[in-house]
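Here is what each chain is made of, one letter per residue.
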Amino acid sequence: MVSRWILDKLYKLYQIVVVCPVVIIMSAWAGTTMAVMCPLTGKYGDWWGSFASRWWGRVIIWASLIPVTVEGRENFDKDTSYVFVANHQGAYDIFLVCGFLGAEIRWMLKRSLEKIPFVGIGARKAGYIYVDKGNPGAVRSTYRRAEKVLQGGASLMVFPEGSRTKTGRINRFKKGAFALADELQLPVVPMTINGSYDILPPQRDGHFIHRHPLRLTIHKPIYPQSQGPENMQRLMDESFDAISSSLVEE
């Protein structure tokens, strides 16, 4: 029987030979496809953005030999705009949501991610929204861009923790996504991600990944009941509780 130590070394070699080239190739392909095809008008351009991001996420996860389970796709309507929110455990969260959620989404991203080769410009052309956290005056501009995306029929995807967890535990939520949902009177769909922290935890050996199942649990939408600070706080609290209810302690 092959020892666990040998399997671990073989998987690390596999990552160098297979996974790293796949990530580079798929990122270049997806970014270029979105940059070239998404400026086309109407749903044709939107289709290319969804197509590229979906296969980008799926192929990277498949190449990584990571099993995926998705629960709750029946809880949302593909023809309705939502604000999707999820806990943020690691880099594989993005591949998971892009590849396996099954909704047409645009991400709200940190401005620093715009510098990633191919992906940064492709995401911008696809209508993803870059947020300058160091510029409070940009909030209204962010809302206007988000409103334009949502009026086009897409949904918005946000990690309300703001950054990935360092401990495996869920962090406190920031208000931005819920303030946006309140202002635009949109339902919020909470989603729980399990397993991503174990794939690439910050305290382990460098940048090698560890095989671990990924699970995406999509909860029922939380609809606005009013408008203002109380409604925003309710959306945030109920989303936090829903995500926490399916979260496995790391």
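That block above? That's the structure.
What you are looking at is a predicted structure, and each value in this text was computed from that prediction instead of being measured.

*Asks:* Looking at this structure, I do not really get the sheet that holds strand β1 (residues 68-71). What am I missing?
*Replies:* The sheet built from seven strands is open, its strands ordered β1-β7-β6-β2-β5-β3-β4 with mixed pairing. Each edge of the open sheet is held by one strand with a lone partner, namely β1 and β4 (129-131). For this sheet, the mean angle separating the axes of adjacent strands, direction not counted, is 20°. Packed onto the sheet, helix α6 (residues 176-184) meets β2 (83-86), β3 (105-110), β5 (155-158) and β6 (188-194) and runs at close to 160° relative to β2.

*Asks:* Could you clarify how one ought to interpret the pairing of β5 in this entry?
*Replies:* On a regular strand, each side chain points to the face opposite its neighbour's, so the side chains alternate between the two faces of the sheet. Every second residue of β5 is oriented toward a common face, with S155 and M157 on one face and L156 and V158 on the other, all of them buried. Judged from the three bridges that link them, β2 and β5 form a sheet pairing that is parallel. Residue pairing across strands places V83 opposite L156, the latter belonging to β5. Sheet topology note: the β3/β5 ladder contains three bridges and is parallel. Within β5, the position partnered with I105 by the bridge is S155.

*Asks:* What am I meant to see in the nonpolar core here?
*Replies:* Generally speaking, nonpolar side chains in soluble globular proteins are found buried as a group. Formed by 41 residues in total, the largest nonpolar core has its most connected members in F84, Y92, L101, W107, M157 and M191. Of all the secondary-structure elements, those providing two or more residues to this core are α1 (4-37), α2 (42-63), β2, α3 (92-100), β3, β6 and β7 (214-218). Ignoring any residue separated from it by four or fewer positions in sequence, one finds F84 in contact with F76, L101, A103, I105, S155, L156, M157, V158, V189 and M191. Membership of the second largest hydrophobic core comes to 28 residues, among which are A146, I170, A179 and V188.

*Asks:* Would you explain unusual backbone geometry in this entry?
*Replies:* Trans peptide bonds make up most of the peptide bonds, and negative phi angles are found at most residues other than glycine. A positive phi is found at L65, a non-glycine position, where the angle reads about 65°. Examined against the element boundaries, L65 turns out to sit in the loop between α2 and β1. Of note in this structure, Q185 is not a glycine but carries a positive phi near 55°. Within the secondary structure, Q185 is located in the loop between α6 and β6.

Criteria and cut-off values
Residues numbered from 1 in each chain as written. Predicted model: local features only at pLDDT ≥ 70, side-chain atom pairs only at ≥ 80, totals over all residues. Heavy atoms only, no water. Pairing = 2+ DSSP bridges. Helix = DSSP H or I, 4+ residues; strand = E, 2+ residues; numbered from the N terminus. Axes fitted to C-alpha atoms, helices over the stretch in contact; angles between N-to-C directions. Contact = heavy atoms within 4.5 Å. Buried < 20%, exposed > 50% of the residue type's maximum accessible area, 1.4 Å probe, protein only. Core = buried A, V, L, I, M, F, W, Y, C linked by side-chain atoms within 4.5 Å.

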